[in-house]
Amino acid sequence: MSSTQPTLTVDRVACAGHGLCYGVAPDLIDADDQGDPVVPERPLAAEEIALANEAVAMCPERALALQPTNSTNSKDQ
């Protein structure tokens, strides 16, 4: 099983809290009390990838990104 599903990451420094990402993908992205996006801390299911791509494209600050699961990128700052 070498299927590598991406993870959705958020750059909390770049995020300005517009809310467009959780507006377009409310089943995938939530908001915390400050209005910052909360993304799943797991590889995305195949059916979530298109929605995640929409959210990434919607972000005016480019704070969201899809990262390959096999990378050792475990920063969540």
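**Focus: the overall build of the protein**
And then number 1: A tally of regular secondary structure across the protein gives two helices and four strands.
And then number 2: Starting at the N terminus and walking to the C terminus, you meet the elements of the protein as β-α-β-β-α-β.
And then number 3: Across the 77 residues in the protein, those meeting the buried criterion constitute 29%.
And then number 4: Taken as a whole, the protein presents about 5000 Å² of accessible surface, with 50% of it coming from carbon and sulfur.

**Concerning helix α2 (residues 49–58)**
Helical geometry note: an α-helix holds 3.6 residues per turn, so side chains three or four residues apart project in the same direction.
And then number 1: When α2 is considered as a whole, its buried residues turn out to be A52, A55 and V56. Relative to the axis of α2, the buried residues are bounded by an arc of 100° and lie together on one face. Every exposed residue of α2 that faces more than 90 degrees away from the buried side is listed here: A50 and A57.
And then number 2: Among the structural elements, β1 (7–10), α1 (20–24) and β4 (64–67) are those in contact with the buried residues of α2.

**Topic: empty space enclosed by the protein**
And then number 1: By the definition in use, this model includes one cavity of 30 Å³ or more.
And then number 2: Of the pockets and cavities examined, the largest cavity occupies roughly 90 Å³.
And then number 3: The wall of the largest cavity is formed by 14 residues, among which C15, H18, G19, C21 and C59 lie closest to the centre.
And then number 4: In terms of residue count, α1 provides more of the lining of the largest cavity than any other element does, three residues in total.

**Comments concerning the confidence of the model for the protein**
And then number 1: Confidence along the protein averages 88 in pLDDT terms, with 86% of residues attaining 70 or more.
And then number 2: This stretch, residues 71–77, has a pLDDT under 50; its non-local contacts, to residues over four places away or in other chains, come to six contacts.

How each quantity is defined
Residues numbered from 1 in each chain as written. Predicted model: local features only at pLDDT ≥ 70, side-chain atom pairs only at ≥ 80, totals over all residues. Heavy atoms only, no water. Helix = DSSP H or I, 4+ residues; strand = E, 2+ residues; numbered from the N terminus. Buried < 20%, exposed > 50% of the residue type's maximum accessible area, 1.4 Å probe, protein only. Areas by Shrake-Rupley, 256 points an atom, 1.4 Å probe, with all protein chains shown as cover. Arc of directions from axis to C-beta. Contact = heavy atoms within 4.5 Å. 1 Å grid on protein atoms, 1.4 Å probe; cavity = no way out; pocket = protein on both sides within 12 Å on 5 of 7 lines; lining within 4 Å. Points joined across faces, edges and corners; volume = space filled by probe spheres on them. pLDDT = per-residue confidence, 0-100.

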